[in-house]
Amino acid sequence: LPDNLHRWLHYCATSYDIINTAYALQMKVCYEVEFIPKLEAIDALWREKICDTASVLQAGRTHLQTALPVTVGCWLANLHNRFVTSARRASVLAREIPGKFSGAVGTSASQRVLMLNHHDAEARLMHTLGLAKAEVSTQVTPPEAVARFYYELVLLSGTLANLGEDTRILQSSQFGEIRSASSSSSAMSHKEANPIVAENIAGMHTLIVTSHMNITLTLVTDLQRDLRASSVMRAYSEIMVYVYQQMLNTERLLKSILIDETRCRENFDRQGRLVVAELLHLFLQREGVPEAHHFVNKEVVPRARELDCNLFEAVKSLVS
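Residues numbered from 1 in each chain as written. Predicted model: local features only at pLDDT ≥ 70, side-chain atom pairs only at ≥ 80, totals over all residues. Heavy atoms only, no water.

1. A closer look at the packing of helix H5 (residues 144-170) against helix H6 (residues 196-216)
Closest axis-to-axis distance for the H5/H6 pair is 7 Å, and the angle between their directions is 160°. Here H5 lies roughly antiparallel to H6, going by the angle between them. Handedness of the H5/H6 crossing: left-handed. Seen from H5, the contacting residues are Ala147, Tyr150, Tyr151, Val154, Ser157, Gly158, Leu160, Ala161, Gly164, Glu165, Thr167 and Arg168; seen from H6, they are Ala198, Glu199, Ile201, Ala202, His205, Ile208, Val209, His212 and Ile215. Split into classes, the residues belonging to the contact of H5 with H6 amount to 12 nonpolar, 6 polar and 3 charged. (Axes fitted to C-alpha atoms, helices over the stretch in contact; angles between N-to-C directions. Helix = DSSP H or I, 4+ residues; strand = E, 2+ residues; numbered from the N terminus. Parallel < 35°, antiparallel > 145°, perpendicular 65-115°, else oblique. Left-handed = near helix turned anticlockwise from the far one by under 90°. Contact = heavy atoms within 4.5 Å. Nonpolar A, V, L, I, M, F, W, Y, C, P; charged D, E, K, R; others polar.)

2. As for the confidence of the model for the chain
Here the chain averages 92 in pLDDT, while 97% of its residues score no lower than 70. When pLDDT is averaged over each helix and strand of the chain, the minimum, 88, is found for helix H3 (residues 109-114) and the maximum, 98, for helix H2 (residues 72-96). (pLDDT = per-residue confidence, 0-100.)

3. A look at the packing of H5 against helix H8 (residues 238-256)
With their axes 10 Å apart at the nearest point, H5 and H8 run at an angle of 30° to one another. Between H5 and H8, the angle is such that the two are roughly parallel. Judged by the sense of rotation from one axis to the other, the crossing of H5 with H8 is left-handed. For the pair H5 and H8, contact is made by Phe149, Tyr150, Leu153, Leu156, Ser157, Leu160, Ala161, Leu163 and Thr167 and by Ile239, Met240, Val243, Gln246, Met247, Thr250, Leu253 and Leu254, respectively. Its residues placed into classes, the contact of H5 with H8 shows 13 nonpolar, 4 polar and no charged.

4. Notes on helix H4 (residues 121-129)
Buried within H4 are the following residues: Ala121, Glu122 and Met126. Along the axis of H4, the buried residues cluster in a sector spanning 125°; they form a single face. In H4, the exposed residues that point more than 90 degrees away from the buried face are His127 and Thr128. Taken from the residues just after H4, Gly130 is the one with a positive phi, measuring 75°. (Buried < 20%, exposed > 50% of the residue type's maximum accessible area, 1.4 Å probe, protein only. Arc of directions from axis to C-beta.)

5. Regarding the nonpolar core
Inside soluble globular proteins, nonpolar side chains tend to come together where they are buried. With 55 residues, the main nonpolar core has Tyr31, Trp46, Phe149, Tyr150 and Leu153 as its most contacted residues. Sorting the residues of this core by element identifies helix H1 (15-52), H2, H5, H6 and H8 as the ones contributing at least two each. Residue contacts for Phe149: discarding those within four places in its chain leaves Met27, Tyr31, Ala90, Leu93, Ala94, Ile97 and Met240. (Core = buried A, V, L, I, M, F, W, Y, C linked by side-chain atoms within 4.5 Å.)

6. With respect to the side chain of Lys38
Looking at the secondary structure, you find Lys38 in helix H1. Ignoring any residue separated from it by four or fewer positions in sequence, one finds Lys38 in contact with Tyr244, Met247, Leu248 and Glu251.

7. Digging into a nonpolar patch on the surface
Together, Leu1, Leu5, Trp8, Leu9, Tyr11, Val113 and Leu114 make up a nonpolar patch on the protein surface, roughly 740 Å² of accessible area in all. Along the chain, Tyr11 falls in the segment before H1. (Patch = residues over 30% accessible without salt bridge, like charges linked within 9 Å, V, L, I, M, F, W, Y side chains within 5 Å. Areas by Shrake-Rupley, 256 points an atom, 1.4 Å probe, with all protein chains shown as cover. Salt bridge = Lys/Arg side-chain N within 4 Å of Asp/Glu carboxyl O.)

8. A closer look at the environment of Gln111
Secondary-structure assignment places Gln111 in helix H3. Between the C-alpha atom of Gln111 and that of Ala121, which follows or precedes it by 10 residues, the distance is 8.6 Å. Beyond its immediate sequence surroundings of up to four residues, Gln111 is in contact with Cys12, Phe101, Ser102, Gly103, His118 and Ala121.

As structure tokens, this is what we get:
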């Protein structure tokens, strides 16, 4: 600033009028300028993968056991829905983080004495900056809006981590249904690929969750304010850095994913004749068969495995 404006920089303001407002502006602008374009790029890639794999048969899994059939697109769509929900919610929350210009204890005391238009000074300043105005504040803005915004980023991170975790499992030797951006092994040359990008996406969630603890542990201040949390607040923004890095790797992962349709079919076919056991026991239950679930689980399914046949043929062999 020119020297002749220096005396107005802090006029009728306390340091956290400046600092809290700057933090709010950082979060809003960073999300709108950097996050939203990247999220939109990820969204487009994700939707494309869903469309491309919507009819590719895949075993559904519960407890990592083969369950009813789904498709690869169905698996991706469930995660994508969570991703979109958090991205949209974070966009709303970024605009709700308030700034303040209400003085040392939030009463605008000096402004009431020294500024002719003090009644709307704070509102006009926040409007100029494109920020919400804190309805009530002490020396600092209420902390909940910041905590909610960053927690939504934690939820977004969790969805990305889930995509990474699922990908690394499906890329394992036991499943082999997916290939993704990987490295070779430094020691074991027989290995096809180490899914390091998926692993990185999954692992970074730990950093993000632990970083968010800084926010939840600094929600309390003594009376109007104290300085215990000011040094911690400077590290809040690391969450945005970590989540953005996670997003960059997610973009790379989605671009690289290849589906082995043959392996998907083979994995399903191993249990495919048995997965309608739920339908069978519910039908028998409806028809009045006592202990229908136990009968199917303990007698029909083992017989089907023993005879290498489907459930209908197993039931016939039991009742004949």
